[in-house]
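# Observations on the three-dimensional arrangement
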Amino acid sequence: MPLFPEEIGTDRLNLEQLCHENVDALEYYHHCSHHEDSIAEVTRYLPWDAHETVAETKEYIDSLEEQWEAGTRAEYVIRPKEGEDGGGEIAGSGGLIVDWETMTGKPAIWLRKQFWGRGYSAERAHAMVELAFERLSLDLVAVPVEDGNEKSRRAVETYVETNGGQYDGIVRNSTVRPDGDVVDHHRYTISREQYQGEQ
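Just so it is clear, the model here is predicted, and its values are computed rather than measured.

### Some thoughts on the overall build of the protein chain
Check the secondary structure of the protein chain and you find six helices and eight strands. Helices and strands appear in the protein chain in the N-to-C order β-β-α-α-α-β-β-β-α-β-α-β-β-α. Over its C-alpha trace the protein chain gives a radius of gyration of 16 Å, about what one expects of a compact globule, namely 16 Å for 199 residues. Projected onto its principal axes, the C-alpha coordinates of the protein chain cover approximately 45 × 40 × 35 Å. Sorting the 199 residues of the protein chain into buried and exposed places 46% on the buried side. When the accessible area of the protein chain is evaluated, it comes to approximately 10,100 Å², of which 45% is carbon and sulfur surface.

So this is what it looks like as structure tokens:
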């Protein structure tokens, strides 16, 4: 059995491995670049800037395929199911970054603005938490949220609480953004024991 499932279905979403076989690089570039009108809002709290060229997008997908094969990151293209507004379209992507040394999974997501406010982030998050504990047998799921990103904090707090997790506090000077700014992150975690206690 492969380490990561190539497809995951939730109530309203289809998640497929983000790879060249499943995603056209030119189409993905359009959603990750300034061709998308709201890209500045979308990337405001993300660890990447808008893609400048199709070649950059291709290299990004290449790197995701390499990380998938190495077992360090499962990244999925997110598409709403038929019947949903925008069914079958690329809504964004989400996945799980895995640190095997610490047995920790870190969920990540971005969504195009037109798909905000539908609860898709939480639906994807529950799938990633299940992947971390049920399939990969990790010890911890850790979710960093950049200080100031209150909308994401509220969403994360809800699904972390639902899975028995907790707020650990703020990590100062946690990372450097692409523009060079050093930012703080709020850290939320769910342990395997907390997750199992909610099942």
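Additional details are given in the paragraphs that follow.
### A word on a negative patch on the surface
Negative charge collects at one region of the surface, where Asp-49, Glu-52, Glu-56, Glu-59, Asp-179 and Asp-181 lie side by side. Looking at where Glu-59 falls in the secondary structure, it is placed in helix α3 (residues 54–70). Note on Glu-59: relative accessible area 55%, which makes it exposed.

### Looking at the side chain of Glu-123
Residue placement: Glu-123 occurs in helix α4 (residues 120–135). Setting aside residues no more than four positions away along its own chain, Glu-123 makes contact with Thr-10, Asp-11, Arg-12 and Leu-13.

### A few points about the environment of Glu-134
Considering the arrangement of structural elements, one finds Glu-134 in helix α4. Distance from Glu-134 to Thr-175, taken between C-alpha atoms, is 29 Å for residues 41 residues apart in sequence. For Glu-134, the side chain forms a polar contact with the side chain of Tyr-195, separated by 3.1 Å.

### Describing the packing of aromatic side chains
A full pass over the atoms with the stated rule returns six aromatic pairs. When the ring of Trp-48 is compared with that of Trp-110, the centres are 5.5 Å apart and the planes differ by 80 degrees; the resulting orientation is edge-to-face. Placement of Trp-48 in the loop between α2 (39–42) and α3 and of Trp-110 in strand β5 (residues 104–111) is noted, with a sequence separation of 62 residues between them. Each member of the pair, Trp-48 as well as Trp-110, carries the same accessibility label: buried.

### Concerning the state of the cysteines
Among covalent bonds in proteins, the disulfide is the one between the sulfur atoms of two cysteines. Summed over all chains, the structure comprises zero disulfides. You can see Cys-19 has no disulfide; the closest cysteine sulfur is in Cys-32, sitting 15 Å from it. Given the relative accessible area of 1%, Cys-32 is considered buried.

### Describing the nonpolar core
In this structure, Tyr-76, Leu-96, Met-128 and Val-143 are the most contacted members of the largest nonpolar core, which totals 32 residues. For this core, the secondary structure elements donating two or more residues are β2 (13–17), β3 (73–80), β4 (92–99), α4, β6 (140–146), α5 (150–162) and β8 (182–191). No other element matches α4, which puts eight residues into this core. Ignoring anything within four residues of it in the chain, the contact list for Leu-96 reads Thr-72, Arg-73, Ala-74, Gly-105, Lys-106, Pro-107, Met-128, Leu-131, Ala-132, Leu-136 and Leu-138. Formed by 15 residues, the second largest nonpolar core is a distinct cluster that contains Val-42, Leu-46, Ala-50 and Ile-90.

### Structural notes on α5
For α5, spanning 13 residues, the distance from its first C-alpha to its last is 18 Å, which sits close to the expected 18 Å at 1.5 Å a residue. Among all positions of α5, only Arg-153, Val-156, Tyr-159 and Val-160 are buried. Seen from one end, α5 has its buried residues packed into an arc of 140 degrees, which puts them on one side. Along α5, the residues that are exposed and aim more than 90 degrees away from the buried face are Lys-151, Arg-154 and Glu-161. Residues of α5 that are buried in the fold lie against β5, α4, β6, β7 (166–176) and β8. Remark: Gly-164 follows α5 within two positions and exhibits a positive phi of approximately 85 degrees.

### Focus on the pairing of β7
Taken together, the seven bridges between β7 and β8 define a ladder with antiparallel strand orientation. Looking at the pairing, Tyr-167 lines up with Tyr-188 of β8. Linkage of β7 to β8, two consecutive antiparallel strands, is achieved through a turn of five residues, within which Gly-180 is found at a positive phi near 95 degrees.

The rules behind each value
Once a new chain begins, its residue numbering starts again from 1 and follows that chain's sequence as written. Reporting of local features is limited, given that this is a predicted model, to residues whose pLDDT is at least 70; pairs of side-chain atoms are given and counted only at 80 or more, and all residues count toward the totals for whole chains, interfaces and linings. Only hydrogens and water are set aside; all other atoms, that is, all heavy atoms of the structure, feed into the side-chain values. A run of DSSP states H or I qualifies as a helix once it reaches four residues; a run of E qualifies as a strand once it reaches two. Both are numbered from the N-terminal end. Our radius of gyration looks at C-alpha atoms and nothing else; its globule reference is 2.2 Å times the residue count to the power 0.38. Only protein chains enter the accessibility calculation, which uses a 1.4 Å probe; a residue whose area is less than 20% of its type maximum is buried, one above 50% is exposed, and one in between is partly exposed. Each accessible area is a Shrake-Rupley estimate made with a 1.4 Å probe; only the visible protein chains count as cover when residues are assessed. Patch members must show over 30% relative accessible area and no salt bridge, and they are joined within 9 Å when carrying like charges or within 5 Å when they are nonpolar side chains of Val, Leu, Ile, Met, Phe, Trp or Tyr. Here a salt bridge means any side-chain nitrogen of Lys or Arg lying within 4 Å of a carboxyl oxygen belonging to Asp or Glu. By the counting rule applied here, Lys and Arg register as positive and Asp and Glu as negative, while His and the ends of each chain are not counted. Here the site of a charge means NZ on Lys, CZ on Arg, CG on Asp, or CD on Glu. In this analysis, two residues are considered to be in contact whenever any of their non-hydrogen atoms come within 4.5 Å of each other. Polar contact criterion, stated in full: a pair of N or O atoms within 3.5 Å, where within protein one must be able to donate a hydrogen and the other to accept it, and residues adjacent in sequence count only if both atoms are side-chain atoms. Aromatic rings from Phe, Tyr and Trp, with only the six-membered ring used for Trp, were paired whenever their centres fell within 6.5 Å, and each pair was classed as stacked if the ring planes differed by under 30 degrees, edge-to-face if by over 60, and tilted otherwise. Only a pair of cysteine sulfur atoms within 2.5 Å qualifies as a disulfide here. We call a set of buried residues a nonpolar core when its members are Ala, Val, Leu, Ile, Met, Phe, Trp, Tyr or Cys and they connect through side-chain atoms within 4.5 Å of each other. By definition here, a helix of n residues has an expected span of 1.5 Å times n minus one. The arc refers to the directions leading from the helix axis to the C-beta atoms. Here the rule is simple: two strands pair whenever DSSP picks up at least two bridges between them.

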